[in-house]
Amino acid sequence: MYGSLGMLPKANVGFLTHFSSKDSSLANHDSTIPALVTDDELSAMMRIKANAKELRILELDPGLRPYKDQFEYRMKRFTEQKTLIHQHEGSLEEFAKGYLKFGLNREEGSVVYREWAPAAEEAQLVGDFNGWDGSNHKMERNEFGVWHIKIPDVDSNSAVPHNSRVKFRFKHNNGVWVDRLPAWIKYATVDSTKFAAPYDGVHWDPPASERYEFKYPRPPKPEAPRIYEAHVGMSSSEPRVNSYREFADNVLPRIRANNYNTVQLMAIMEHSYYGSFGYHVTNFFAVSSRSGTPEDLKYLIDKAHSLGLRVLMDVVHSHVSNNVTDGLNGYDVGQATQDSYFHTGERGYHTLWDSRLFNYSNWEVLRFLLSNLRWWLEEFKFDGFRFDGITSMLYHHHGINMAFTGDYNEYFSESTDVDAVVYMMLANDLIHSLLPDAIVIAEDVSGMPGLGRPVDEGGIGFDFRLAMAIPDKWIDYLKNKNDDEWSMTDISRSLTNRRYTEKCIAYAESHDQSIVGDKTIAFFLMDEEMYSGMSCLMEASPVIDRGIALHKMIHFITMALGGEGYLNFMGNEFGHPEWIDFPRLGNDWSYEKCRRQWELVDTDHLRYKFMNAFDRAMNLLDEEFSFLTSAKQIVSSTDEDTKVIVFERGDLVFVFNFHPDNTYDGYKVGCDLPGKYRVALDSDAWEFGGHGRVGHDIDHFTSPEGIPGVPETNFNNRPNSFKVLSPPRTCVVYYRVEEDISNETIGEEASVEVEDKYVEDVEKIEEAGRVTKSEVETSKIPDDEEEGDDNKRLI
């Protein structure tokens with residue numbers, strides 16, 4: 001079945017140790033590596049290890065048992081590869097320190113440069129330091145295609161100065177000399193005054209006085225990640241490229257104020273085409289120079305840590321920019337696949353993305369990519385990764401023209417790229433070894449079973465997968481269905497349809513839904529009226545009223561029911577209008593829509609503040625009640641007639657009324673625990689741009705339902721119930737007031753301390769709105785809603 005997916009060819013066994021004895025520093029470094037074992041001995045050893053215990057993933061999902069051979073084969077390949085790395089490199093962790101040897105590094109009073117380029121016939125290091133004449137800086141090649149040169153310091157100063165330009169010049173077999181950026185370059189810049197200018201590699205080795213030193217420890221790993229996805233370059237309110245330091249000082253405080261605990265940064269790895277959104281990487285170890293220097297990025301991450309925010313990096317190991325002069329693709333000069341970073345022929349190209357594809361079975365590709373992960377974790381203190389394009393990696397067909405139905409045969413066949421699967425297993429094993437509390441997220445649209453289970457269970461090792469079907473569902477509803485066609489059962493099923501024991505990050509919209517050619521949810525809902533109808537100084541039109549109400553409901557039910565974590569893209573928390581459009585030929589290279597209009601949410605008389613306040617409050621609700629981490633998730637009712645969804649997450653009870661017109665007074669909702677319930681969060685509150693129809697000072701007492709222990713006799717299979725007021729297009733959350741029981745009675749004095757704690761929690765959520773009743777009244781609230789009505793205020 002696996003034909004071309006077997007282990008490393010025997011021809012490559014000698015290829016495992018790339019450093020010749022001529023390179024004394026590397027010879028010393030590798031002197032403790034054990035002697036090689038034969039292929040037969042190694043295979044026998046690995047078979048014993050692979051079969052030592054039953055893979056737990058098959059116990060969690062018996063439906064996978066018919067594919068036991070495939071899981072055992074993956075584990076065998078992973079174990080063999082890791083053992084080979086251990087034997088020839090010392091350990092997986094040591095193997096991932098490639099950046100200390102490859103590229104330009106300081107060693108014993110010299111700059112030493114190494115580059116793997118097996119196809120090169122001659123090589124030189126050129127740059128500002130030698131006037132771009134490499135005749136005196138020729139490099140030597142060992143038997144494994146690694147070129148190196150040692151350049152001693154001059155008068156105790158580096159012969160290759162910090163911040164000076166360098167390139168790798170080599171001649172390939174057609175006799176042509178070419179210049180390339182070093183593959184491991186740590187910084188790359190471009191002359192912005194020249195159109196389509198090539199990038200220059202920059203030797204980044206600042207003196208101690210200029211090197212940023214981290215001041216703050218990593219924050220503790222959150223129980224549930226509430227992720228703010230952001231793009232630094234387009235985070236300015238002005239039509240220009242924003243900087244790392246400006247983002248740190250101006251945007252990070254906004255993220256913290258809205259009670260997110262994690263920031264996910266896009267487009268950090270250098271990419272020469274800005275419009276690729278950072279997904280056509282040219283230089284894997286270099287920060288995007290558009291927004292500043294490596295030290296500036298360190299400042300950003302340290303600032304985030306000081307605010308209690310963890311930072312994830314959007315890492316792209318699924319493909320490579322096609323650029324030759326300034327990208328890794330420039331090292332492919334027609335050599336065989338074992339001597340290249342990429343597969344040859346059609347397998348080496350992604351037709352839809354117009355990019356190159358890694359050969360994950362190649363020893364040096366593994367070194368390069370695994371070292372890349374360690375580099376970002378250790379040098380910049382990232383707290384984890386979101387891996388892009390996992391579907392493309394998992395299958396030889398890359399998901400192109402594939403409509404995954406969930407049939408397990410779609411995941412386990414000759415279409416599966418086991419080389420890539422093993423790489424991801426190694427990557428997750430490494431990351432969690434280096435940083436046990438790292439968060440690693442997979443962007444996979446196929447639903448590959450086991451993607452989110454630990455490697456030692458037979459899984460691929462990610463902590464979370466993105467729930468990518470959820471935004472597609474919302475887009476379908478907003479584009480194609482009238483309000484009365486919305487199905488509560490379908491919505492609920494779409495939000496809860498995830499694999500048992502594999503955690504998901506839910507999101508209603510990410511950057512994908514904000515790119516030109518698509519619309520944000522707010523823009524779908526309100527469209528052109530966002531330009532004229534968002535002022536609080538006039539009554540909201542039906543379109544605006546509906547739009548704001550559904551915007552809150554869609555994001556909140558996605559968060560509350562869709563996964564074990566939540567993600568929002570920068571600006572969508574306040575209903576950012578329009579789309580993102582990066583400078584390109586089609587818009588005359590304009591930056592007009594390559595920004596975020598923060599002034600909209602900061603302007604007090606605009607209604608954007610209401611959506612932002614609700615976003616802040618729903619994050620705080622999880623902060624206070626930790627419902628995202630609860631395994632208790634029970635949908636008790638999806639009523640197509642009333643358009644109401646009722647569910648419990650943890651001990652909170654959520655009531656979503658999607659009906660456009662109907663108010664239900666005395667609406668009966670089921671719950672698990674008996675007692676007294678009060679409002680914890682209400683999307684219809686004044687603070688969130690609502691109409692204040694739900695009273696927050698009302699105690700809702702439960703009644704028992706049916707025969708205890710016999711669910712079919714209960715109300716909606718819940719043993720208790722209480723009644724609520726449910727206005728149209730609202731979502732209200734109820735919490736159970738904990739009360740002490742003393743002498744078999746519930747007394748107010750006995751319960752007041754516990755209840756005060758809950759009231760304090762709720763007040764925090766209410767305060768998150770940052771808008772008072774008087775402020776709302778000055779915003780032209782209709783005259784028939786009187787100030788004294790307790791149903792129109794939070795207490």
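Residues numbered from 1 in each chain as written. Predicted model: local features only at pLDDT ≥ 70, side-chain atom pairs only at ≥ 80, totals over all residues. Heavy atoms only, no water.

1. So, the overall build of the chain
The following threshold applies: Numbering of helices and strands runs from the N terminus; a helix is a DSSP stretch of H or I covering at least four residues, while a strand is a stretch of E covering at least two. Each residue is placed in one exposure class: buried if its accessible area under a 1.4 Å probe, protein chains only, is under 20% of its type's maximum, exposed if it is over 50%, and partly exposed if it falls in between. When checking whether two residues touch, look at their non-hydrogen atoms; a contact exists if any pair is within 4.5 Å. Note on areas: Shrake-Rupley with a 1.4 Å probe; residue coverage comes only from the protein chains shown.
Looking only at helices and strands, the chain features 18 helices and 32 strands. Residue burial in the chain is summarised as follows: out of 795 residues, 59% are buried. Contacts spanning at least 24 positions in sequence make up 72% of the contacts within the chain whose residues lie at least 6 apart. For the chain, the exposed surface amounts to about 30900 Å²; the carbon and sulfur share of it is 48%.

2. So, unusual backbone geometry
Within the chain, histidine 398 stands out as a residue other than glycine whose phi angle is a positive 60°. By the element assignment, histidine 398 lies in the loop between helix H9 (390-394) and helix H10 (418-434). In this structure histidine 398 comes out as buried when scored by relative accessible area, which is 18%. Notably, arginine 729 is not glycine yet its phi reads approximately 50°, a positive angle. Note that arginine 729 resides in the loop between strand S29 (720-726) and strand S30 (730-737).

3. Things to note about the pattern of salt bridges
Filter applied, for reference: Think of a salt bridge as a Lys or Arg side-chain nitrogen and an Asp or Glu carboxyl oxygen that are within 4 Å of each other.
Scanning the model with the defined rule gives 60 salt bridges in all. If you follow the salt bridges from partner to partner, you end up with Asp61, Asp444, Arg465, Arg499 and Glu502 in one network.

4. Things to note about the packing of aromatic side chains
So the rule is basically this: In summary, the pairing rule links any two rings of Phe, Tyr or Trp, Trp by its six-membered ring, whose centres are within 6.5 Å, and it sorts them by plane angle into stacked for under 30 degrees, edge-to-face for over 60 and tilted for everything else. Charge-over-ring placement is defined geometrically: NZ (Lys) or CZ (Arg) within 6 Å of the ring centre, and within 35 degrees of the ring normal.
Here the structure, examined in full by the defined rule, presents 58 aromatic pairs. Judged by centre distance (6.2 Å) and plane angle (50°), the ring pair of phenylalanine 523 and tryptophan 579 falls under tilted. Separated by 56 residues along the polypeptide, phenylalanine 523 in helix H13 (residues 521-526) and tryptophan 579 in the loop between strand S21 (565-569) and helix H15 (598-602) bring together distant segments of the chain. For phenylalanine 523, a relative accessible area of 4% translates into the label buried. Accessibility expressed as a relative area gives 27% for tryptophan 579, which makes it partly exposed. Seen from their ring centres, tyrosine 664 and tyrosine 667 are 5.5 Å apart, and the 45° between their planes marks the pair as tilted. Relative accessible area serves as the criterion here: at 14%, tyrosine 664 is assigned to the buried category. A cation over a ring is seen here: arginine 356 above tyrosine 349, with NZ or CZ 4.3 Å from the ring centre.

5. Focus: the packing of helix H4 (residues 68-89) against helix H8 (residues 363-379)
Stated formally: Only C-alpha atoms enter the line fits that serve as axes; for helices the fit covers just the stretch in contact. Angles between N-to-C directions range over 0 to 180 degrees. To sort the angles, those under 35 degrees are grouped as roughly parallel, those over 145 as roughly antiparallel, those from 65 to 115 as roughly perpendicular, and the leftovers as oblique. Under the scheme applied, nonpolar residues are Ala, Val, Leu, Ile, Met, Phe, Trp, Tyr, Cys and Pro; charged residues are Asp, Glu, Lys and Arg; polar residues are all the others, including Gly.
Between H4 and H8, the least distance of the axes is 13 Å, while the angle of their chain directions is 85°. Taken together, H4 and H8 sit at an angle that is classed as roughly perpendicular. Residues Gln81, Leu84, Ile85, His88 and Glu89 of H4 form the contact with H8, whose own contacting residues are Trp363, Leu366 and Arg367. Residue composition of the contact of H4 with H8, by class: 4 nonpolar, 2 polar and 2 charged.

6. A look at the sheet that holds strand S14 (residues 310-315)
How we decide: Any two strands with at least two DSSP-identified bridges between them are counted as paired.
Taken in spatial order, the 8 strands of this closed barrel run S10-S11-S14-S17-S18-S19-S20-S21, and their pairing is parallel. Across the sheet, the mean angle from the axis of one strand to that of its neighbour is 30°, orientation sign disregarded. One ladder, built from 4 bridges, connects strand S11 (residues 262-266) with S14; its direction is parallel. Opposite glutamine 264, over in S14, you have leucine 312 as the bridge partner.

7. Comments concerning the side chain of serine 355
Here serine 355 is to be found in strand S16 (residues 355-356). Leaving out residues up to four positions away in the same chain, serine 355 has contacts with His280, His319, Val320, Asn322, Gly348, Tyr349 and His350.

8. Examining the pairing of strand S17 (residues 384-387)
Here S17 shows two buried faces, one formed by Gly384 and Arg386 and the other by Phe385 and Phe387. As paired elements, S14 and S17 share 3 bridges and run parallel to each other. Bridging from a neighbouring strand, methionine 313 pairs with phenylalanine 385 of S17. For S17 and strand S18 (residues 439-442), the ladder comprises 4 bridges, and the chain directions are parallel. Opposite phenylalanine 385, over in S18, you have valine 440 as the bridge partner.

9. Points about the UniProt feature "active site" (unreviewed entry) in the chain
How we decide: UniProt positions are given in the numbering used here, feature names are shortened, and annotations may be inferred rather than shown by experiment. A 3.5 Å cut-off defines polar contacts: any pair of N or O atoms within that distance qualifies, except that in protein one atom must be a possible hydrogen donor and the other a possible acceptor, and neighbouring residues in sequence count only when both atoms are side-chain atoms.
UniProt's entry tags Asp388 and Glu443 with the feature "active site" (unreviewed entry), counted in the numbering of this structure. These residues run over 56 residues, yet every pair of their C-alpha atoms falls within 5.4 Å of each other. You can see aspartate 388 is positioned in the loop between S17 and H9. Aspartate 388 gets classed as buried once you look at its relative accessible area, which sits at 7%. Not counting the four nearest positions on each side in its chain, aspartate 388 is found in contact with Tyr279, Asp314, Val315, Val316, Ser318, His319, Met393 and Glu443. Looking at the element boundaries, glutamate 443 is found in the loop between S18 and strand S19 (464-466). Given the relative accessible area of 12%, glutamate 443 is considered buried. There is a polar contact of 3.2 Å between the side chain of glutamate 443 and the side chain of arginine 386.

10. Comments concerning the confidence of the model for the chain
Short version of the rule: The pLDDT value tells you how sure the predictor is about a given residue, anywhere from 0 up to 100.
When pLDDT is averaged along the chain, the result is 88, and 86% of the positions lie at 70 or above. Counting contacts from residues 1-38, a segment whose pLDDT is below 50, to residues more than four positions away or on other chains yields 75 contacts. pLDDT under 50 marks residues 741-755. Its contacts with residues more than four places away, or in other chains, come to 16 contacts.

11. So, the sheet that holds strand S25 (residues 664-671)
In spatial order, the strands read S25-S29-S28; together these 3 strands make up an open sheet with antiparallel pairing. This sheet does not close on itself; its edge strands, each paired only once, are S25 and strand S28 (703-704). Summarising the sheet, S25 and S29 pair through 7 bridges and their orientation is antiparallel. For aspartate 665, the partnering residue across the bridge sits in S29 and is leucine 725.

12. Considerations on the environment of isoleucine 580
Turning to its location among the elements, isoleucine 580 is positioned in the loop between S21 and H15. Given the relative accessible area of 1%, isoleucine 580 is considered buried. The sequence separation of isoleucine 580 and arginine 595 amounts to 15 residues, and the corresponding C-alpha distance is 7.5 Å.

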